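Analysis of the macromolecular model
One letter stands for each residue in the lines below.
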Amino acid sequence: MLSDKSPAIDFRKANFVSSAARLEQCPPDSGCEVAFAGRSNAGKSSAINCLTANKKLARTSKTPGRTQLINFFDLGNNCRLVDLPGYGYAKVPQSVKQEWQRNLDDYLNNRRCLRGLVLVMDSRHPLKDFDQMMIHWAGEARLPLHVILTKVDKLKRGPALEAEHKVSQFMQTVSDNMSCQLFSAHNKTGLSALQKHLESWLDVAEEVEIQPK
């Protein structure tokens, strides 16, 4: 729950800080961060742009996998949103994909100010191999995880709720520190719920002394 003393975060003030290919290139490991991860074409960049009311903040492309770097966006008060490289369809050599994976693993395992992970899934195709891998990793790392099932405007209510139930059931077998919601960047379904969830993570993070993992 948000503290009465902490004002709500204005995500519209988010601005790009820097990009990093490797952990040592990231901004100073202080304050707090919430990272967004997801398969290429799941709607991750669109979700970030919807959250921040800035269509140009995170790159969107009809070519999946274009985002190849870890991108940092400042929210003020030493809080940040982080856009992690998309996983999946990128037409690059296997060696490059393996390098991306090593850098992603390094960030997730060693970034001390990381307070939570938002996993973006296409509601029409949830729980692909990468999604399941990230859920299990978050469970093992005891990192709070919140799933947003995107593009629900393309589904009828029944199938959308069925997808949400399926993902929630799967997560319950892994950890009780996970949650799930429906989301649409197109019509802003679930936007308020996502904002409140991120605010709770960032609010708690401001009051917790960051300890090495």
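Structure: above.
This report concerns the structure included in the present document.

With that out of the way, let us pick up the sheet that holds strand β4 (residues 79–83). What the 7 strands build is an open sheet, ordered β1-β3-β4-β2-β5-β6-β7; its pairing is mixed. Each of the sheet's edge strands pairs with one partner strand only, and the pair in question is β1 (15–20) and β7 (178–182). In this sheet, adjacent strand axes meet at a mean angle of 25° when their direction is disregarded. Here strand β6 (residues 145–150) runs beside β7; their pairing, made up of 5 bridges, is parallel. Directly across from histidine 146, in β7, lies its bridge partner serine 179.

This part takes up the nonpolar core. Counting residues in hydrophobic clusters, the biggest one holds 34 residues, and the most contacted among them are Leu84 and Tyr107. Those elements giving two or more residues to this core turn out to be β2 (32–38), β3 (70–76), α2 (94–110), β5 (114–122), α3 (129–141), β6, α4 (157–172) and β7. Discounting chain neighbours no more than four positions away, the residues touching tyrosine 107 are Leu23, Cys26, Glu33, Ala35, Ile70, Phe72, Val82, Leu84 and Leu114.

Once that is clear, we can look at α3. Structural remark: α-helix, 3.6 residues per turn; residues separated by three or four positions point the same way. Taking 1.5 Å of rise per residue, the 13 residues of α3 would be expected to cover 18 Å, and the 18 Å separating its terminal C-alpha atoms lies within 8% of that figure. Along α3, the residues classified as buried are Phe130, Asp131, Met134, Ile135, Trp137 and Ala138. The buried residues of α3 occupy an angular sector of 165° when the element is viewed end-on, so they sit on one face. Across α3 from its buried face, at more than 90 degrees, point the exposed residues Asp129 and Glu140. Buried residues along α3 sit in contact with β2, α2, β5, β6, α4 and β7. Directly after α3, the chain includes arginine 142, whose backbone phi takes a positive value near 55°.

The rules we used
Residues numbered from 1 in each chain as written. Predicted model: local features only at pLDDT ≥ 70, side-chain atom pairs only at ≥ 80, totals over all residues. Heavy atoms only, no water. Pairing = 2+ DSSP bridges. Helix = DSSP H or I, 4+ residues; strand = E, 2+ residues; numbered from the N terminus. Axes fitted to C-alpha atoms, helices over the stretch in contact; angles between N-to-C directions. Core = buried A, V, L, I, M, F, W, Y, C linked by side-chain atoms within 4.5 Å. Buried < 20%, exposed > 50% of the residue type's maximum accessible area, 1.4 Å probe, protein only. Contact = heavy atoms within 4.5 Å. Expected span 1.5 Å × (residues − 1). Arc of directions from axis to C-beta.

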